[in-house]
Amino acid sequence: MHKKLSTFNNKAKFHVSVYASSSWADDFDPGDPNLFVSAENTTQSKVWKNLLEYLAEKTRAIYEDFLREFAEEQIIEWESNGVFPSYPDEDADTARWRTENIKELIRNIYVADPTVLNSLNAKQQKIIVRLLDKLMISNENDALLEILESVLDLDDQHVKSLSEQLQRTTLEHIVSTIEVLQKREIAIQKLREVMNNHYKEVLETPDLQKVIEANTWLFGSQYSILGAEEDDFISIAKKFRDEIPDIHTITEDDLEDPKEIDGVRKQVDLFLARKVPEYDHTGNEYYKCVIIEIKRPGIALNDKHLRQIDEYARVLSRQPEYQSDLIKFEIILVGRTISNGSFDIKNRLKDNEDKGEYGLVSTGKHKRYVKSWYTIFNQFELTNRYLLDRLKTKREDLSGKTSNQLIADLQQPNQ
């Protein structure tokens, strides 16, 4: 009897026809749909306007369901094509949280205006997604909403939805950061107690290896996630280390207190090695091999130990399998203290101060670092001083805790 175009007739990949059957329409003149027998049966009547409004609302709901399904298909496709960031420097919980947030934003944009993202090529998709991701967790979070609101054709509901998501993202990010920071501060307190009062007894147990593996963030935020062990790489890295002259020899010159030499010889050095994929500043992927050697606590790091990690780097550089430009090394030497008589360590630390990486003693393909435990503790506190001062985490009285209790606590992941 009568037909008209809907407001959904130009939606990409969406095709809909709506039919309404009613005795009310029987009075329509099929020859001229604008002629009606009764004034109540016209396109100007309240009944007709209410019907159009009702049908538009129903069709809009169908269209948004279609867009949500389409957005899910696109997200799955983008995920398989590597469009979303991988967050290699974030811990597992933060990486998962950021992934879900950027996906939710993409869903909201698709539902609000699918034309914005439909025509992007692969490179444009990566650029847009990464820019949105950075903006979501930055101080310019509100500006992102302003941009989307001014560029997209958003109705009030979509503006509200995006605004709520961005506000929620900001709050969740703050809460997540506070929780991680508090856990790490407590771990630092416990490690200080271990190094101050329990190091002679604690470091004799191999359980400390688990403490290091649970708290790799201690050596820098970029080491928060080092991934699972890769047996082949660990065994090869240990094999080359054991070939270094005098690597297992301890003399009185190496000790903080020469009287403790028998006890120190019972202790063990700790060793952690991981091989993880990374991206350089141009976006190209490579393997980063991280090797962390922690000297037994009775030893004060000296120039002999510096020469040993230099020799270790030379040994690695001569291996054909590690000569590729797509493999880079970071060797970190950690001790309870650095000897006052260590001339070379202090000079090389001074020479590399301008690089902005504390503990750096050598650059290039085989970067080397030398750090004391107390430097690691102080570096964490100085880096996070502003937030720590405001959080004012209650200092736990650790004096009554045994070494076994402290070690058990520290073996729990604090990422």
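Considering the overall build of the protein chain
Here's step 1: On a plain count of helices and strands, the protein chain comes out with 14 helices and nine strands.
Here's step 2: Every one of the 415 residues in the protein chain was classed for burial, and the buried ones make up 43%.
Here's step 3: Summarising the internal contacts of the protein chain: among those between residues at least 6 apart in sequence, 73% fall at separations of at least 24.
Here's step 4: As displayed, the protein chain has an accessible area near 23,500 Å², and 49% of this comes from carbon and sulfur atoms.

Concerning the pattern of salt bridges
Here's step 1: For the structure shown, the criterion picks out 18 salt bridges.
Here's step 2: Asp310 serves as the salt-bridge partner of Arg368, at 3.0 Å between the closest nitrogen and oxygen. A residue pair is termed long-range when its members are at least 10 positions apart, and Arg368 in strand 9 (residues 366-372) and Asp310 in helix 10 (residues 303-317) qualify at 58 residues.
Here's step 3: Taking relative accessible area as the criterion, Arg368 reaches 12% and is therefore assigned buried.
Here's step 4: The buried category is assigned to Asp310, whose relative accessible area is 9%.
Here's step 5: For Arg314, the salt bridge is made with Glu311, and the minimal N-O distance between the two is 3.2 Å. Here Glu311 and Arg314 lie together in helix 10, a separation of three residues that amounts to about one turn.
Here's step 6: When salt bridges that share partners are traced, they join Arg241, Asp242, Glu293 and Lys295 into one network.

A short note on the nonpolar core
Here's step 1: Ranked by size, the top nonpolar core spans 26 residues in total, and within it Ile291, Tyr312, Leu316, Phe329 and Val370 carry the most contacts.
Here's step 2: At the level of elements, helix 8 (231-242), strand 3 (270-279), strand 4 (285-294), helix 10, strand 6 (327-335) and helix 11 (343-351) are the ones that each hand at least two residues to this core.
Here's step 3: Once residues lying within four places of it in the same chain are set aside, the contact partners of Tyr312 are Ala237, Lys238, Phe240, Arg241, Ile244, Phe271, Ile291 and Ile331.

Looking at helix 12 (residues 373-383)
Here's step 1: Buried residues of helix 12: Trp373, Tyr374, Ile376, Phe377 and Phe380, and no others. Projection of helix 12 onto a plane perpendicular to its axis shows the buried side chains occupying an angular sector of 160°, all on one side. Among the exposed residues of helix 12, those pointing more than 90 degrees away from its buried face are Leu382 and Thr383.

Considering the confidence of the model for the protein chain
Here's step 1: Chain-level pLDDT for the protein chain is 76 on average; 70% of the residues reach the 70-or-more range.
Here's step 2: Looking at the elements of the protein chain, mean pLDDT is at its lowest for strand 2 (residues 32-36), recorded as 53, and at its highest for strand 8 (residues 360-362), recorded as 95.

A word on the sheet that holds strand 6
Here's step 1: An order of 3-4-6-9-8 is seen for the five strands of this open sheet, with the pairing classed as mixed. In this open sheet, the two edge strands, each paired with only one partner strand, are strand 3 and strand 8. Looking at each pair of strands side by side, their axes are set apart by 20° on average, direction ignored.
Here's step 2: Across eight bridges, the pairing between strand 4 and strand 6 is parallel.

Section: the side chain of Glu278
Here's step 1: Structurally, Glu278 is set in strand 3.
Here's step 2: Judged by relative accessible area, which is 8%, Glu278 ranks as buried.
Here's step 3: Separated by 3.5 Å, the side chains of Glu278 and Lys288 make a polar contact.
Here's step 4: Apart from residues lying up to four places away in sequence, Glu278 is in contact with Pro88, Asp89, Asn284, Glu285, Tyr286 and Lys288.

Focus: the pairing of strand 3
Here's step 1: Most of strand 3 is tucked away: seven of the ten residues are buried.
Here's step 2: As judged from the ten bridges shared by strand 3 and strand 4, these two strands associate in the antiparallel manner. Counterpart to Tyr279 in the pairing with strand 4 is Glu285.
Here's step 3: The turn linking strand 3 back onto strand 4 is made up of five residues, and Gly283 within it adopts a positive phi angle of 90°.

Points about the packing of aromatic side chains
Here's step 1: Per the counting criterion, the structure on display carries 13 aromatic pairs.
Here's step 2: Consider the rings of Phe219 and Trp373, whose centres lie 6.1 Å apart with planes at 50°: the pair is tilted. Within this pair, whereas Phe219 is found in the loop between helix 7 (208-214) and helix 8, its partner Trp373 is found in helix 12, the two being separated by 154 residues in sequence. For the residue pair Phe219 and Trp373, the accessibility class agrees, reading buried in each case.
Here's step 3: Pairing Tyr322 with Phe329 gives two aromatic rings, centres 5.2 Å apart and planes at 80°, and the pair type is edge-to-face.
Here's step 4: A connected cluster of aromatic rings, assembled from ring pairs, spans Phe14, Tyr63, Phe66, Phe70, Trp78, Phe84 and Tyr110.
Here's step 5: Sitting over the face of the ring of Tyr287, Lys275 holds its NZ or CZ atom 4.7 Å from the ring centroid.
Here's step 6: The cationic tip of Lys328 hangs over the ring face of Tyr286; the distance from NZ or CZ to the ring centre is 4.6 Å.

Some words on the pairing of strand 9
Here's step 1: Where burial is concerned, most of strand 9 is hidden: seven out of the seven residues are buried.
Here's step 2: Burial along strand 9 is two-sided: His366, Arg368, Val370 and Ser372 and Lys367, Tyr369 and Lys371, pointing in opposite directions, are all buried.
Here's step 3: For strand 6 and strand 9, the ladder comprises seven bridges, and the chain directions are parallel. Note that in strand 9 the partner of Leu333 across the bridge is Val370.
Here's step 4: Judged from the two bridges that link them, strand 8 and strand 9 form a sheet pairing that is antiparallel. Opposite Ser362, over in strand 9, you have Arg368 as the bridge partner.

A short note on the packing of helix 10 against helix 11
Here's step 1: Relative to each other, helix 10 and helix 11 sit at 60°, their axes nearing to 7 Å. Between helix 10, through Asp303, Leu306 and Asp310, and helix 11, the contact on the second element is made entirely by Phe343, Asp344, Ile345 and Arg348.
Here's step 2: Per-class residue counts for the contact of helix 10 with helix 11 are three nonpolar, no polar and four charged.

About the criteria used
Residues numbered from 1 in each chain as written. Predicted model: local features only at pLDDT ≥ 70, side-chain atom pairs only at ≥ 80, totals over all residues. Heavy atoms only, no water. Helix = DSSP H or I, 4+ residues; strand = E, 2+ residues; numbered from the N terminus. Buried < 20%, exposed > 50% of the residue type's maximum accessible area, 1.4 Å probe, protein only. Contact = heavy atoms within 4.5 Å. Areas by Shrake-Rupley, 256 points an atom, 1.4 Å probe, with all protein chains shown as cover. Salt bridge = Lys/Arg side-chain N within 4 Å of Asp/Glu carboxyl O. Core = buried A, V, L, I, M, F, W, Y, C linked by side-chain atoms within 4.5 Å. Arc of directions from axis to C-beta. pLDDT = per-residue confidence, 0-100. Pairing = 2+ DSSP bridges. Axes fitted to C-alpha atoms, helices over the stretch in contact; angles between N-to-C directions. Polar contact = N/O pair within 3.5 Å; in protein donor to acceptor, adjacent residues only side chain to side chain. Phe/Tyr/Trp six-rings, centres within 6.5 Å; stacked < 30°, edge-to-face > 60°. Lys NZ or Arg CZ within 6 Å of the ring centre and 35° of its normal. Nonpolar A, V, L, I, M, F, W, Y, C, P; charged D, E, K, R; others polar.

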